[in-house]
Amino acid sequence: MQQPNSQPSAALMLRETASQTAGPYVHIGLALDIAGLPPREEEIWNRLASPQADGEAIELVGRVIDGNGDLVRDALLEAWQADAHGNYQCEFDLQAAFNSFGRTATTAESDGEWCFHTIKPGQVARRDGRLMAPHVTLAVFARGINIQLHTRLYFEDEAEANAACPVLNAVESPARRQTLIAKREESEGKVRYRFDIRLQGEGETVFFDF
Amino acid sequence: MPLNDNKRFVERDRNWHPPAYAPGYKTTVARSPSQAYVSLQTPSVSELAGPDFTRLRMGPHDNDLLLNFRADNEAQAGLPIGERVIVFGRVVDQFGKPVPNTLVEMWQANAGGRYRHKKDGYLAPLDPNFGGVGRCLSDDEGWYRFRTIKPGPYPWPNNINSWRPAHIHVSVMGPSISTRLITQMYFEGDPLIPLCPIVHTLRDPEAVETMTGRLDMARSRSMDCLAYRFDLVVRGELQTYFENQG
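Residues numbered from 1 in each chain as written. Chains lettered and ligands numbered in written order. Predicted model: local features only at pLDDT ≥ 70, side-chain atom pairs only at ≥ 80, totals over all residues. Heavy atoms only, no water.

You'll find chain B entered in an unreviewed UniProt entry as Protocatechuate 3,4-dioxygenase beta subunit, with Chromohalobacter marismortui given as the organism. What UniProt states about chain B under its Sequence similarities (unreviewed entry) heading is, verbatim, "Belongs to the intradiol ring-cleavage dioxygenase family." (UniProt positions renumbered as here; feature names shortened; annotations may be inferred.)

An unreviewed UniProt entry lists chain A under the name Protocatechuate 3,4-dioxygenase alpha subunit, from Chromohalobacter marismortui. Word for word, the UniProt comment on chain A under Sequence similarities (unreviewed entry) is "Belongs to the intradiol ring-cleavage dioxygenase family."

A.B. asks: Any chance you could explain the UniProt feature "domain: Intradiol ring-cleavage dioxygenases" (unreviewed entry) in chain B here in plain terms?
C.D. replies: Sites flagged by UniProt as "domain: Intradiol ring-cleavage dioxygenases" (unreviewed entry) map to residues 87-115 of chain B. Helix and strand shares over residues 87-115 of chain B are 0% and 45% respectively, and the end C-alpha atoms of the span are 19 Å apart. (Helix = DSSP H or I, 4+ residues; strand = E, 2+ residues; numbered from the N terminus.)

A.B. asks: How should the nonpolar core be read in this particular structure?
C.D. replies: For soluble globular proteins, the rule of thumb is that nonpolar side chains tend to be buried together. Of all hydrophobic cores here, the largest spans 30 residues; its most connected members are Tyr154(A), Phe208(A) and Phe53(B). Aside from chain neighbours lying at most four places away, what touches Phe53(B) is Ile44(A), Phe92(A), Phe101(A), Leu103(B), Leu137(B) and Met173(B). By size, the runner-up hydrophobic cluster in this structure holds 29 residues, among which are Leu48(A), Ala182(A), Val191(A) and Leu199(A). (Core = buried A, V, L, I, M, F, W, Y, C linked by side-chain atoms within 4.5 Å. Buried < 20%, exposed > 50% of the residue type's maximum accessible area, 1.4 Å probe, protein only. Contact = heavy atoms within 4.5 Å.)

A.B. asks: It is not clear to me how the interface of chain A and chain B should be interpreted in this structure. Could you clarify?
C.D. replies: The extent of an interface is frequently quoted as the accessible surface area lost upon association of the parts. Taken together, the 75 residues of chain A in the interface contact 93 residues of chain B. Each partner contributes to the roughly 7,600 Å² buried at the junction of chain A and chain B, and carbon and sulfur atoms together form 55% of this total. On the chain A side of the interface with chain B, the three residues burying the most area are Glu16(A), Gln20(A) and Arg127(A), jointly 12% of the side's total. Put simply, Glu42(A) and Arg57(B) hold a salt bridge, and the shortest N to O gap is 3.6 Å. On the surface where chain A and chain B come into contact, there are 42 residue pairs in polar contact (both at pLDDT 80 or more). Within the residue set of the side of chain A that touches chain B, elements represented by two or more residues are α1 (26-30), α2 (32-35), β3 (76-81), β4 (101-105), β8 (135-141), β9 (149-155) and β13 (208-209) of chain A. With 5 residues, the top contributor of residues to the side of chain A that touches chain B is α1(A). Looking at the side of chain A that touches chain B, its residues break down into 36 nonpolar, 18 polar and 21 charged. With 2 bridges connecting them, β13(A) and strand β2 (residues 38-39) of chain B associate as parallel partners. (Buried area = accessible area lost by both parts, 1.4 Å probe. Salt bridge = Lys/Arg side-chain N within 4 Å of Asp/Glu carboxyl O. Polar contact = N/O pair within 3.5 Å; in protein donor to acceptor, adjacent residues only side chain to side chain. Nonpolar A, V, L, I, M, F, W, Y, C, P; charged D, E, K, R; others polar. Pairing = 2+ DSSP bridges.)

A.B. asks: Where do I start with the pairing of strand β4 (residues 103-108) of chain B in this structure?
C.D. replies: Regular strands place side chains that alternate from one sheet face to the opposite one. Residues and elements named next belong to chain B. By the criterion of burial, β4 is predominantly enclosed, with 6 of the 6 residues buried. On β4, burial covers both faces: Leu103, Glu105 and Trp107 on one face and Val104, Met106 and Gln108 on the other are all buried. As judged from the 5 bridges shared by β4 and strand β5 (residues 133-137), these two strands associate in the antiparallel manner. Among the inter-strand pairings, Glu105 is bridged to a residue of β5, identified as Arg135. Note that β4 and strand β9 (residues 167-172) share 5 bridges and pair antiparallel. In the strand pairing of β9, Glu105 is matched with Ser171.

A.B. asks: Sorry if this is basic, but what is going on with the state of the cysteines here?
C.D. replies: Disulfides are covalent bonds that link the sulfur atoms of two cysteine residues. Residue and element names in this part refer to chain B. Scanning all chains against the criterion turns up 0 disulfides over all chains. Of all cysteine sulfurs, the one in Cys136 lies closest to Cys225, which takes part in no disulfide; the gap is 16 Å. The buried category is assigned to Cys225, whose relative accessible area is 7%. (Disulfide = S-S within 2.5 Å.)

Right under this line is the structure:
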């Protein structure tokens, strides 16, 4: 037994298992179709909302670009977002109309682009009551990324909410805030938001620690 | 997961994890952010909650890589080639509290060091009876378990002659997206571990120990398979006792 107060408190805590890159073959484990493997009974993938889900049906698309301007074609992304009413649906259930969690890859539906089929999230309040603008939390995993990078996707057509969002405003540089704003496109009756993630250098996307 | 935003997680120690820029692992050079991360001082439910996969429907052999991929061709159908092993462990948080019903996923190369992936063109052959993917939920006390074959080491283009030690990629969700972690399990005693540029992205030798699966003879099965124990530690959950936070 440990004598109370005999150790610095940090020493009484376990260390987190260390992270390692998900590597180039991450798809075998987390995106079977992209690896060329047959699907299992249920897979976690990029359709967060069915047509029955409340809210505006949208697609989120984008590329991941490295410091040389080259496409990162082996990235895996995870999305986490609220439903149209601003509530997280934590119980993952493929029978439900909406799930807050999904996965995609940069080769998912067209070369070098990732895609989520979802609905536009509602606003979520922080504990202090301040409303955050509608957003999607994204985690990026890839070969050459030693621990996942966290960012947030915001929506261009939510200018008022974006201007008041305490998290966007935590980014000191107004120019860098722009790296978090997805651009709205409409084609063939579909609403799509485009969000490129720049890992390094000019226009580098803001990444968060939390 | 109740949507409780009154909790906090122990801050992730970014000096313990590998840094984004680790030039010995060359691919990190162009894929590492150069700007500082923006720290969220007031995490919200967007960071504190996470998906619960209790209702994800899984197949009976999803955690058994000896049985979950079979050759299409009857004449070839059988068990995969390689050393039969059980890989098991407990998911706990930094305070030692078990993490029940959390999704643990893994993937790996076959016994020859070849991945069943469109993009892997290594010389070693595919095994018609081995896919290389597994998943399960930890049980009520945080335990998880897979049955598989020990993967082989393989060469990769980093330095002129770089080899990956035998490893299994392991992914764990934990109670929140803040606890989400992907790591690799290495096999105790592998002489390639200290030579690996990806292992070397870690600065602290003790951090490498946290990624080492340990031979556990007590859990091995005579005339059948060896066992390796690999516990996973995710960020600890703190309760906040004071209401002075905004």
